[in-house]
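# Coordinate analysis (summary)
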Amino acid sequence: MEINVRLEKQLAIVAITGSVDALTSGEVTNFLSQQIEEGKKRVIVDLSQVDFMSSAGLRAILTALKASRQQGGDLSLAGAQPGVEKILKMSGFTNILKAYVTVKEAIADLGA
Amino acid sequence: MNQKHQITRAAEYQSLATLRDFIEATCKGYPGVDDQVLYDLKLAVDEACTNIITHGYAGMNPGSIILAIDLSPQQVTMTITDFGQAFEPSETPMPNVEAGLEDRDTGGFGLFFIYQTMDEVDYECTEDGNHLTLIKRL
């Protein structure tokens with residue numbers, strides 16, 4: 001798994017590539033919490049290159065979502081592929097955060 | 001005709017990707033197994049094995065996990081065997097998926113996903129180990 005961040009229109013776009021499971025989710029949690037601590041509290045997580053995510057990945061997203069909102073920011077998701085999209089829906093995550101079809105769409109809606 | 005496949009791996013998080021790859025290699029392209037079914041199979045096994053590694057072998061030397069897959073035209077049967085502490089899936093509380101952010105607990109989704117994606121879940125604890133059987137109909 002790889003994680004990268006870029007800034008665009010005052011948004012931190014965190015792109016994850018690979019699988020997010022119990023082995024790799026800790027890295028996601030740490031990376032996202034570091035961004036938020038650095039003041040990048042408006043986050044878009046780009047899931048377009050994530051081929052697999054388990055409940056461990058959802059836990060990492062939920063932790064970061066709470067942290068960003070506590071700082072007055074927000075965390076949104078973009079580009080989830082069908083399998084990942086299904087677990088987001090099953091778990092009710094799509095009711096508690098914004099999930100966009102593409103990163104481009106997310107930036108257009110949220111960017112400053 | 002049924003196809004049977006089996007893999008044994010150490011009960012550690014590093015094995016999760018190997019087990020998912022084994023499911024993909026075994027089941028992809030089998031009649032009735034589309035991308036969504038394949039994801040469901042990988043998700044259910046990943047969650048079950050994560051529970052075994054985190055809870056089943058907690059406080060013990062890591063043992064092994066055996067994953068057996070039986071493919072038939074009607075269904076995929078996956079049996080996961082471990083030798084850790086037993087747990088009863090039906091006694092584990094399910095998460096509230098309707099909860100708002102403030103009331104959300106960060107755990108509990110693993111077993112929920114197993115029940116949501118599989119058509120049958122059966123657990124048996126014997127002298128030969130704990131056997132979790134997961135059935136997905138095609």
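Everything discussed here concerns the structure shown above.
In this report, the structure presented in the accompanying data block is examined. All values reported here derive from a predicted model rather than from experimental measurement. Within each chain, residues carry numbers counting from 1 in the order of the written sequence. Starting at A for chains and at 1 for ligands, labels are handed out in the order in which the entities are written. Given that this is a predicted model, residues contribute local features only at a pLDDT of at least 70 and side-chain atom pairs are listed and counted only at 80 or more, while totals for whole chains, interfaces and linings are drawn from all residues.

### Describing the overall build of chain A
Helix numbers and strand numbers start at the N terminus; a helix is a DSSP run of H or I with at least 4 residues, a strand a run of E with at least 2. Within chain A one finds four helices and five strands. Order of helices (α) and strands (β) in chain A, N terminus to C terminus: β-β-α-β-α-β-α-β-α. Counting only C-alpha atoms, chain A reaches 30 × 25 × 25 Å along its principal axes. Within chain A, buried positions represent 46% of all 112 residues. We call two residues in contact whenever the C-beta atoms placed from their backbones are within 7 Å. Intrachain contacts of chain A at a sequence separation of at least 6 include 72% that bridge at least 24 residues. Counting other C-beta atoms within 10 Å of a residue's own tells you its class, since 20 or more makes it buried, 12 or fewer makes it exposed, and anything in between is partly exposed; those C-beta atoms are placed from the backbone.

### Examining the packing of helix α3 (residues 82–90) of chain A against helix α2 (residues 35–56) of chain B
Packed helices, taken two at a time, are described by the angle between their axes plus the distance between the axes. Angles here are taken between N-to-C directions and fall from 0 to 180 degrees, while the axes themselves are lines fitted to C-alpha atoms, restricted in helices to the stretch in contact. Following both chains from N to C, one finds α3(A) and α2(B) inclined at 60°, their axes separated by 9 Å at the closest point. As far as their axial angle goes, α2(B) and α3(A) are oblique. Crossing geometry of α3(A) relative to α2(B) is assigned as right-handed. Every residue of α2(B) that contacts α3(A) at Pro82(A), Gly83(A), Lys86(A) and Ile87(A) is listed here: Asp35(B), Gln36(B), Tyr39(B) and Leu43(B). Three classes are used: nonpolar for Ala, Val, Leu, Ile, Met, Phe, Trp, Tyr, Cys and Pro, charged for Asp, Glu, Lys and Arg, and polar for all others, with Gly counted as polar. Split into classes, the residues belonging to the contact of α3(A) with α2(B) amount to four nonpolar, two polar and two charged. What sets the label is the angle itself: under 35 degrees gives roughly parallel, over 145 gives roughly antiparallel, 65 to 115 gives roughly perpendicular, and the rest give oblique. Should the near helix be turned anticlockwise from the far one by less than a right angle, the crossing is left-handed, and should it be turned clockwise, the crossing is right-handed.

### Comments concerning the packing of helix α1 (residues 25–37) of chain A against helix α2 (residues 55–70) of chain A
All names here are of chain A. Closest axis-to-axis distance for the α1/α2 pair is 9 Å, and the angle between their directions is 15°. Comparing their axes, α2 and α1 come out roughly parallel. Here the hand of the crossing between α1 and α2 comes out right-handed. Contact residues: α1 offers Ser25, Val28, Thr29, Leu32, Ser33 and Ile36, while α2 offers Ala56, Gly57, Arg59, Ala60, Thr63, Ala64, Ala67 and Ser68. When grouped by side-chain class, the residues that make up the contact of α1 with α2 number seven nonpolar, six polar and one charged.

### Some remarks on helix α3 (residues 109–117) of chain B
Burial runs high along α3(B): seven of the nine residues are buried. Taken residue by residue, α3(B) has Phe109(B), Gly110(B), Leu111(B), Phe112(B), Phe113(B), Ile114(B) and Thr117(B) as its buried positions. Structurally, α3(B) contributes buried residues whose contacts are with α2 and α3 of chain A together with α2, β4 (120–126) and β5 (129–137) of chain B.

### Points about the environment of Tyr57(B)
Residues and elements named next belong to chain B. Note that Tyr57 resides in the loop between α2 and β2 (64–71). Along the backbone, Tyr57 and Ala86 are 29 residues apart, and their C-alpha atoms lie at a distance of 9.4 Å. Each residue touching Tyr57, except ones within four places of it in the same chain, is listed here: Ala11, Ile52, Pro62, Gly63 and Gly84.

### Let's talk about the sheet that holds strand β1 (residues 3–10) of chain B
Residues and elements named next belong to chain B. One open sheet accounts for five strands, arranged β1-β2-β3-β5-β4; its pairing is antiparallel. Single-partner strands in this sheet number two, and they are β1 and β4. Within this sheet the neighbouring strands show an average axis-to-axis angle of 15°, counted without direction. Criterion used throughout: strands pair if DSSP finds at least two bridges between them.

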